[in-house]
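# Structural features, examined
Here are the chains, one letter per residue:
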Amino acid sequence: MGKPEVLARHGHVSARLCLLTMAIALAAGRLAGQSVEQLQARADSLLREWRRASAVADMVDSLNHARAAGGTDTISVGALRIVTNPSPARLREAAARAWPVIDSLYGIEARQLEQRPYLIAPYDPDTNSPKPIMRGAIQVPWDQDVASLAMLLLTTVPIGRPDAALQEWLGGPVVPIIRPAQARAAVYVQLVTAPSQAARSCFLGVTSACRNALALGESPDPLQQWYPSAAERRVLVLRSFAEYFGYSDHGARKPALQSCGAGSDAACTELLRSLPPGALPRPLTYDARAALVHIALRLGGREAYHRLVVTPDAPIADRLAGAAGVSVDSLVTLWRSEILAARPAPVTLPPWGPWAALGWTAVFAVCALRSSRWRVS
């Protein structure tokens, strides 16, 4: 029996053992009188292991099929591995560009990629021949340029996903920021325009408000923490949820929506509190929190990502501080200074701009007066 077959069998056996272990652990937990939360945490951890073992088995099966269909190549750059079918695709050059970015972000955890290869199946875009089949592989035209291929590698890093708490807070996985300057500029605009007192106060320099805007607080009432004024709550309902409240439950909430629009804060608050868990928008988006994570990882060195993910039960603020090696207030202050420094450049008109605008205004005015619509008969 060859090595791939052994790995595949080992992966499937590991998946079954994970399921069995999960059942035994939960039963033992019940007998030991553990709380529901503790049992749920253990179940989530075992489920992640089962998914990992199952994914390894599926990947090996896919590689076996690909070998049988005509062979595969393995490209190695640092810890990055790409399993691909033979083609002229410039994947090695793309990997050489992507690896330093990946290595600087994940540090020692980037070694995971030695066991988590990318599966990429380039195809000839100028033929009608069937595309190469590799289960779970990303299909790309083989003539794609190096920059696009590097971008693909950076946006699909097969690193192990962090725990549910970190992903829920962040709003997605921890991945490289492709255009950091543009991302920070977008966060600057959010700070200025978000209908949230927390965001505006953060812009003005209140560190505690920045923590609230980044959802780092432990308040049991996020609505009051993020949107404390009646005006903010009314804007939030009418701008983000008018259609939802107008048509959900066969229009049962339409009267409350109308009352909110007429100025009733009680109606607005009641509607927002009726949203499903997690549906209340945070003052700032994923880009803002991702920028904070990246600063923490940059400050903390090569073990920063490991420290961030190794304590899934700790508060997010403590995990970020531990990853960065500084206090959370220092981290948030640095984040704010970098966001403010990324202020988008204002659009400036050349000296002749106002005169050109006046000239075009005069042209349009003459055209309007000559139109038969405005002519007096």
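Residues numbered from 1 in each chain as written. Predicted model: local features only at pLDDT ≥ 70, side-chain atom pairs only at ≥ 80, totals over all residues. Heavy atoms only, no water.

### What about the confidence of the model for the chain?
Chain-level statistics for the chain give a pLDDT mean of 81 and a share of 73% at 70 or above. Taken together, the stretch residues 1-15 has pLDDT below 50 and engages in 20 contacts with residues farther than four places along the chain or on a different chain. (pLDDT = per-residue confidence, 0-100. Contact = heavy atoms within 4.5 Å.)

### Some points on the state of the cysteines
Going through the model one piece at a time under the given rule, you end up with two disulfides. Each sulfur in the disulfide pair cysteine 202 and cysteine 210 lies 2.0 Å from the other. Taking the sign of the S-S torsion, about 90° here, the bridge from cysteine 202 to cysteine 210 comes out right-handed. Relative accessible area serves as the criterion here: at 1%, cysteine 210 is assigned to the buried category. Between the sulfur atoms of cysteine 260 and its disulfide partner cysteine 268 the distance amounts to 1.9 Å. The sign of the S-S torsion, about 100°, decides the handedness of the disulfide formed by cysteine 260 and cysteine 268: right-handed. (Disulfide = S-S within 2.5 Å. Buried < 20%, exposed > 50% of the residue type's maximum accessible area, 1.4 Å probe, protein only.)

### Digging into unusual backbone geometry
The phi torsion at alanine 215 lies on the positive side, around 60°, for a residue other than glycine. Tracing the backbone shows alanine 215 in the loop between helix H8 (207-213) and helix H9 (222-226). (Helix = DSSP H or I, 4+ residues; strand = E, 2+ residues; numbered from the N terminus.)

### Let's talk about the sheet that holds strand S2 (residues 80-84)
A sheet is described by the order of its strands in space; here four strands give the open sequence S1-S2-S3-S4, paired in mixed fashion. What marks the edges here is a single partner per strand, and that holds for strand S1 (73-77) and strand S4 (138-141). The mean inter-strand angle of the sheet, taken between neighbouring strand axes irrespective of direction, is 30°. Pairing of S1 with S2 involves five bridges; the strand directions are antiparallel. (Pairing = 2+ DSSP bridges. Axes fitted to C-alpha atoms, helices over the stretch in contact; angles between N-to-C directions.)

### Remarks on the packing of helix H3 (residues 91-106) against helix H4 (residues 146-155)
Running from amino to carboxyl end, H3 crosses H4 at an angle of 45°, the nearest separation of the two axes being 8 Å. Compared by their axis directions, H3 and H4 come out oblique. In this structure, the crossing between H3 and H4 has a hand that is right-handed. Mapping the contact onto sequence places Leu91, Glu93, Ala94, Ala95, Arg97, Ala98, Val101 and Ile102 in H3 and Val146, Ala147, Leu149, Ala150, Leu153 and Leu154 in H4. Residues of the contact of H3 with H4, tallied by class, amount to 12 nonpolar, no polar and two charged. (Parallel < 35°, antiparallel > 145°, perpendicular 65-115°, else oblique. Left-handed = near helix turned anticlockwise from the far one by under 90°. Nonpolar A, V, L, I, M, F, W, Y, C, P; charged D, E, K, R; others polar.)

### A closer look at the layout of surface pockets
Within this model, the second largest pocket holds a volume of roughly 790 Å³. In this structure, the second largest pocket is lined by 30 residues; those nearest its centre are Glu168, Ala215, Pro222, Trp226 and Arg282. When contributions to the lining of the second largest pocket are tallied by element, the ones reaching two or more residues are helix H5 (164-170), H9, helix H13 (265-273) and helix H16 (316-324). Among the elements that take part in the lining of the second largest pocket, H9 stands out by supplying four residues, more than any other. Considered class by class, the residues forming the lining of the second largest pocket number 20 nonpolar, four polar and six charged. (1 Å grid on protein atoms, 1.4 Å probe; cavity = no way out; pocket = protein on both sides within 12 Å on 5 of 7 lines; lining within 4 Å. Points joined across faces, edges and corners; volume = space filled by probe spheres on them.)

### Some thoughts on H16
A large share of H16 lies buried, amounting to seven of its nine residues. Taken together, the buried residues of H16 touch H5, helix H14 (286-300), helix H15 (304-309) and helix H17 (328-341). Immediately beyond the C-terminal end of H16, within one or two residues, lies glycine 325, with a positive phi of roughly 80°.

### A closer look at the nonpolar core
One finds Ile102, Trp169, Leu216, Leu320 and Trp335 to be the most contacted residues of the largest nonpolar core, which totals 84 residues. Discounting chain neighbours no more than four positions away, the residues touching tryptophan 169 are Leu214, Ala215, Leu216, Arg282, Arg289, Leu292, Val293, Ile316 and Leu320. Formed by five residues, the second largest nonpolar core is a distinct cluster that contains Leu119, Ala121, Met134 and Ala137. (Core = buried A, V, L, I, M, F, W, Y, C linked by side-chain atoms within 4.5 Å.)

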